[in-house]
Amino acid sequence: MLTAFGRAFRTPDLRRKLLFTLGILAIFRLGAFIPSPGIDYRNVQQCVNAADTSQGIYQLVNLFSGGALLQVSIFALGIMPYITASIIVQLLRVVIPRFQELHLEGAQGQAKMTQYTRYLTIALGLLNATTLITLARSGQLFAGCGAAGTPGALIPNDNLITILLLIITLTAGSGLIMWMGELVTEKGVGNGMSLLIFVAIAAMFPTSLGAILKTQGWGTFLIVMVVGLLVMALVIFVEQSQRRIPVQYAKRMVGRRTMGGTSTYIPIKVNMAGVIPVIFASSMLYLPALLAQFATPADGSEIPGWVEWINNYLTRGDHPIYMALYFLLTIGFTYFYVAITFNPEEVSDNMKKYGGFIPGIRAGRPTQDYLQYVISRITLPGALYLAIVALIPLIALVMIGANQNFPFGGTSILIVVGVGLETVKQIDAQLQQRHYEGLLR
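Residue positions within a chain follow its written sequence, with the count starting from 1. With the structure being a predicted model, the display of local features is reserved for residues of pLDDT at least 70 and the display and counting of side-chain atom pairs for 80 or more, all residues being used for whole-chain, interface and lining totals. Processing note: side-chain calculations cover all non-hydrogen atoms of the structure and skip hydrogens and water entirely.

(A) Summary view of empty space enclosed by the protein. For cavity detection a 1 Å grid was placed over the protein atoms alone, and a set of points counts as a cavity when a 1.4 Å probe fits there but cannot get out; an open set counts as a pocket when protein lies on both sides within 12 Å along at least five of seven lines, with lining residues being those that have an atom within 4 Å of a point. Grid points are joined across faces, edges and corners, and a volume is the space filled by probe spheres set on the points. Counted by the stated rule, this structure contains 1 cavity of 30 Å³ or more. The computed volume of the largest cavity comes to approximately 30 Å³. Forming the boundary of the largest cavity are Lys 269, Val 270, Asn 271, Met 272, Ala 273, Thr 334, Val 338, Ile 378, Thr 379, Gly 382 and Ala 383. For the lining of the largest cavity, the elements supplying multiple residues, two or more each, are helix H15 (320–341) and helix H17 (365–399). Working definition: helices are DSSP H or I runs of at least four residues, strands are E runs of at least two. Numbering for both runs from the N terminus. Top contributing element to the lining of the largest cavity by residue count: H17, with 4 residues.

(B) Summary view of the side chain of Thr 334. Along the chain, Thr 334 falls in helix H15. Of the residues examined, Thr 334 reaches a relative accessible area of 2% and is grouped as buried. By the criterion applied in these results, polar contacts are pairs of N or O atoms within 3.5 Å in which, for protein atoms, one can donate a hydrogen and the other can accept it, and in which residues neighboring in sequence qualify only through two side-chain atoms. Within polar-contact distance, the side chain of Thr 334 engages the backbone oxygen of Thr 330 at 2.6 Å. Apart from the residues lying within four places of it in its own chain, the contact partners of Thr 334 are Ala 273, Pro 277, Thr 379, Ala 383 and Leu 386. Think of it in three bands: with a 1.4 Å probe and only protein chains considered, a residue is buried below 20% of the maximum accessible area for its type, exposed above 50%, and partly exposed in between. Two residues qualify as a contact provided that any one of their heavy atoms is within 4.5 Å of a heavy atom in the partner residue.

(C) Quick peek at the layout of surface pockets. Roughly 1,500 Å³ of internal volume is contained in the second largest pocket. In this structure, the second largest pocket is lined by 44 residues; those nearest its centre are Gln 90, Asn 191, Ser 194, Ile 276 and Tyr 337. Those elements that provide at least two residues to the lining of the second largest pocket are helix H6 (80–95), helix H8 (107–138), helix H9 (160–187), helix H10 (192–202), helix H12 (218–240), helix H13 (276–295), H15 and helix H18 (410–434). For this classification, Asp, Glu, Lys and Arg are treated as charged, while Ala, Val, Leu, Ile, Met, Phe, Trp, Tyr, Cys and Pro are nonpolar and the rest, including Gly, are polar. For the lining of the second largest pocket, the per-class residue count stands at 19 nonpolar, 18 polar and 7 charged.

(D) Looking closely at a nonpolar patch on the surface. A residue counts toward a patch only above 30% relative accessible area and without a salt bridge, and it is joined to like-charged neighbours within 9 Å or, for Val, Leu, Ile, Met, Phe, Trp and Tyr, to nonpolar neighbours within 5 Å. For the accessible areas, the method is Shrake-Rupley and the probe is 1.4 Å, while residue cover comes only from the protein chains on display. Salt bridge, as applied in this entry: a Lys or Arg side-chain nitrogen positioned within 4 Å of an Asp or Glu carboxyl oxygen. A contiguous nonpolar patch, built from Tyr 335, Leu 380, Leu 384 and Ile 388 and spanning about 330 Å² of accessible area, is present on the exposed surface. It is H17 that contributes the most residues to the nonpolar patch, 3 residues altogether. As for its position among the elements, Leu 384 is in helix H17. Residue Leu 384 is classed as partly exposed on the basis of its relative accessible area, which comes to 33%.

(E) Up close: the pattern of salt bridges. Tallied over the full model, the rule gives 5 salt bridges. For Arg 16, the salt bridge identified is with Asp 13, shortest N-O distance 2.9 Å. In this pair, Arg 16 and Asp 13 both sit in helix H2 (residues 12–31), 3 residues apart, roughly one turn of the helix.

(F) Representation of the packing of helix H7 (residues 97–104) against H8 within the structure. Axis lines are fitted to C-alpha atoms, over the contacting stretch for helices. Their N-to-C directions set the angle, which ranges from 0 to 180 degrees. Remark: H7 packs on H8, axes separated minimally by 6 Å, with the N-to-C direction vectors making an angle of 130°. If you check the angle between H7 and H8, you find them oblique. Residues Phe 99, Leu 102 and His 103 of H7 form the contact with H8, whose own contacting residues are Gly 109, Gln 110, Lys 112, Met 113 and Tyr 116. Grouping the amino acids of the contact of H7 with H8 by side-chain chemistry returns 4 nonpolar, 3 polar and 1 charged. Comment on the angle field: the value is read as roughly parallel under 35 degrees, roughly antiparallel over 145, roughly perpendicular from 65 to 115, and oblique elsewhere.

(G) Fine view of the environment of Gln 368. The topology assignment puts Gln 368 in helix H17. Residues contacting Gln 368, with those up to four places away along its chain left out, are Pro 344, Glu 345 and Ser 348.

(H) Up close: the packing of aromatic side chains. Planes of paired rings set the category: under 30 degrees apart is stacked, over 60 is edge-to-face and the rest tilted, where pairs are Phe, Tyr or Trp rings (Trp by its six-membered ring) whose centres lie within 6.5 Å. Within the structure shown, the criterion is met by 4 aromatic pairs. Summarising the aromatic geometry, the rings of Phe 28 and Phe 75 are spaced 6.2 Å apart at their centres and angled 25° between planes, so their arrangement reads as stacked. Of this pair, Phe 28 sits in helix H2 while Phe 75 sits in the loop between helix H5 (68–71) and H6, and the two are 47 residues apart along the sequence. In this structure, Phe 28 and Phe 75 share a single accessibility class: buried.

If you want it as structure tokens, here you go:
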């Protein structure tokens, strides 16, 4: 393995790509610690230390920003606006026929959809920046922090120029992150956006492990490490698992050449949905808590019954009702996302167009029905796997007393392992183009 890495850095072209990628990732991490203009960094640190930021939307958004959100830095919004924009554009293919037509147009259509994603990312970045600054001005971003103009406020001077500068800075930071991710994809190694998410999440691991060691001791720390290794092994095993559907292509004459006659397969992964269902389920479970927060009377009067019920059962990650809903929502969103991203009719038509068929299955509608049957059967273990991995940090909270920032579970481990495997495969493929041996044996 070390010899293979040595060959990678001795190859001029690959070394240049690796160093370029590492440089962009270093800039991304540096931006997470540069305070935004007009923000009192000392007050931010005091508020972070005093507030509970391990639950709710803090946990999800801060995960993808690598801690930049809690620092209110220039990269506070992180990669979340781009992720949201990508998901929205992908879902619009089902609703708007024009987006489906662009998807089928090949490279030109994909370039157009990428442009729409960029515009939507900037719009969402502007919306998120406005929301973040509004919360910071009112003192609601962190519990116990004062509003703008009061002692301990995050924004000591909240005049119009400062607010506009903050919003523009955060929006520009989001656009810069998107640009850096595309640069890595084009000139570096691996998928740029995925690597930025990978670095943001991996950067939180030492802090989380250090907090567990400091508060829980060596016994809990070692249990967490053992559970982490087991979860990683499970995730790697499932992420590499696939159902291969054999496809045979008939021979045909193109001019004077004989084409086709080859055998291949359609690889259908057990986890086709990736980490998206877990993100959807987390966001949906946060909505009731958000509604309850807005409906709580500020004057100290009697709290409505439904608000009290939500506060008791849907805001605590260790409650059985919360876990059950999280489990069911993850399974439901897995089926939903697989249904909109894998189209058996489109795959069947493409096979038929190029003379391909599944042995023993007639082309056309029978092939479509067979693919739908396979997808429906293989999605169930994939959905159960996602739901179980998503619940690991919540179960750890109950069983071993680890905090909500349990580092080896849920969204974080799925992304870290998935992106790591994909990046190593790409480096291995480029090594094998120049040598007979790669990273993987």
